[in-house]
Amino acid sequence: LDGQETQHLLFIENDGTYRTNLGIAASAPALAAVSVRDASGHEIESHLLGTDGGIAQVAVSSHVSGGRAVVRILSGDARGYASLIDTRSGDATFVAGR
């Protein structure tokens, strides 16, 4: 990956039962634009994530159920991911960018 790749993350939830963190992982400097969309496809929040190598992560703050996120790699070689957490048990599910 060397900039301008788009990855999609499904199962984005922030609704009291679940919460979601979005992130990128890279072994070298990378920058990505992340757009969180509701079930209808409307953008409800956006973030710019950057790392010198490692992980950059942000929590979804808007209420969303059945949402998705679009991760656009602006520079570097990175993979987008989501971590969907059950708020009652604390169990997390990893969602890889596609």
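Residues numbered from 1 in each chain as written. Predicted model: local features only at pLDDT ≥ 70, side-chain atom pairs only at ≥ 80, totals over all residues. Heavy atoms only, no water.

With that settled, consider the pattern of salt bridges. Summed over the entire model, instances satisfying the criterion amount to one salt bridge. A salt bridge links Arg 79 to Glu 5; its shortest N-O distance comes to 3.5 Å. Taken together, the residues Arg 79 in strand E7 (residues 78-86) and Glu 5 in strand E1 (residues 5-14) connect sequence positions 74 residues apart. Of the residues examined, Arg 79 reaches a relative accessible area of 39% and is grouped as partly exposed. Look at Glu 5 and you get partly exposed, because its relative accessible area is 24%. (Salt bridge = Lys/Arg side-chain N within 4 Å of Asp/Glu carboxyl O. Helix = DSSP H or I, 4+ residues; strand = E, 2+ residues; numbered from the N terminus. Buried < 20%, exposed > 50% of the residue type's maximum accessible area, 1.4 Å probe, protein only.)

Right, let's get into the sheet that holds strand E5 (residues 54-59). By definition, the strands of a sheet pair up through backbone hydrogen bonds, in either a parallel or an antiparallel sense. What the four strands build is an open sheet, ordered E5-E2-E7-E8; its pairing is antiparallel. At either end of the open sheet lies a strand with only one pairing partner, and these are E5 and strand E8 (92-96). The mean inter-strand angle of the sheet, taken between neighbouring strand axes irrespective of direction, is 25°. Bridge analysis of strand E2 (residues 18-26) against E5 gives six bridges, and the strand direction is antiparallel. Residue pairing across strands places Ala 26 opposite Gly 54, the latter belonging to E5. (Pairing = 2+ DSSP bridges. Axes fitted to C-alpha atoms, helices over the stretch in contact; angles between N-to-C directions.)

Moving on to unusual backbone geometry. Outside of glycine, negative phi angles account for most residues, and trans bonds account for most peptide bonds. For Phe 11, which is not glycine, the phi dihedral falls at a positive 65°. Relative to the elements of secondary structure, Phe 11 occurs in strand E1. Taking relative accessible area as the criterion, Phe 11 reaches 55% and is therefore assigned exposed.

Moving on to the sheet that holds strand E3 (residues 30-37). The strand order across the open sheet built from four strands is E1-E6-E3-E4, with neighbouring strands paired in antiparallel fashion. Across the chains shown, the open sheet's two edge strands, defined by having one partner strand only, are E1 and strand E4 (43-51). Along the sheet, successive strands turn relative to each other by an average axial angle of 20°, direction set aside. As judged from the eight bridges shared by E3 and E4, these two strands associate in the antiparallel manner. Bridging from a neighbouring strand, Ala 33 pairs with Leu 48 of E4.

Okay, the packing of aromatic side chains next. Tallying each qualifying case throughout the model produces one aromatic pair. Taking 6.0 Å as the distance between ring centres and 20° as the angle between the ring planes, the aromatic pair formed by Tyr 81 and Phe 94 counts as stacked. Taken as a pair, Tyr 81 in strand E7 and Phe 94 in strand E8 lie far apart in primary sequence, 13 residues in all. The buried category is assigned to Tyr 81, whose relative accessible area is 9%. Phe 94 sits in the exposed class, given a relative accessible area of 60%. (Phe/Tyr/Trp six-rings, centres within 6.5 Å; stacked < 30°, edge-to-face > 60°.)

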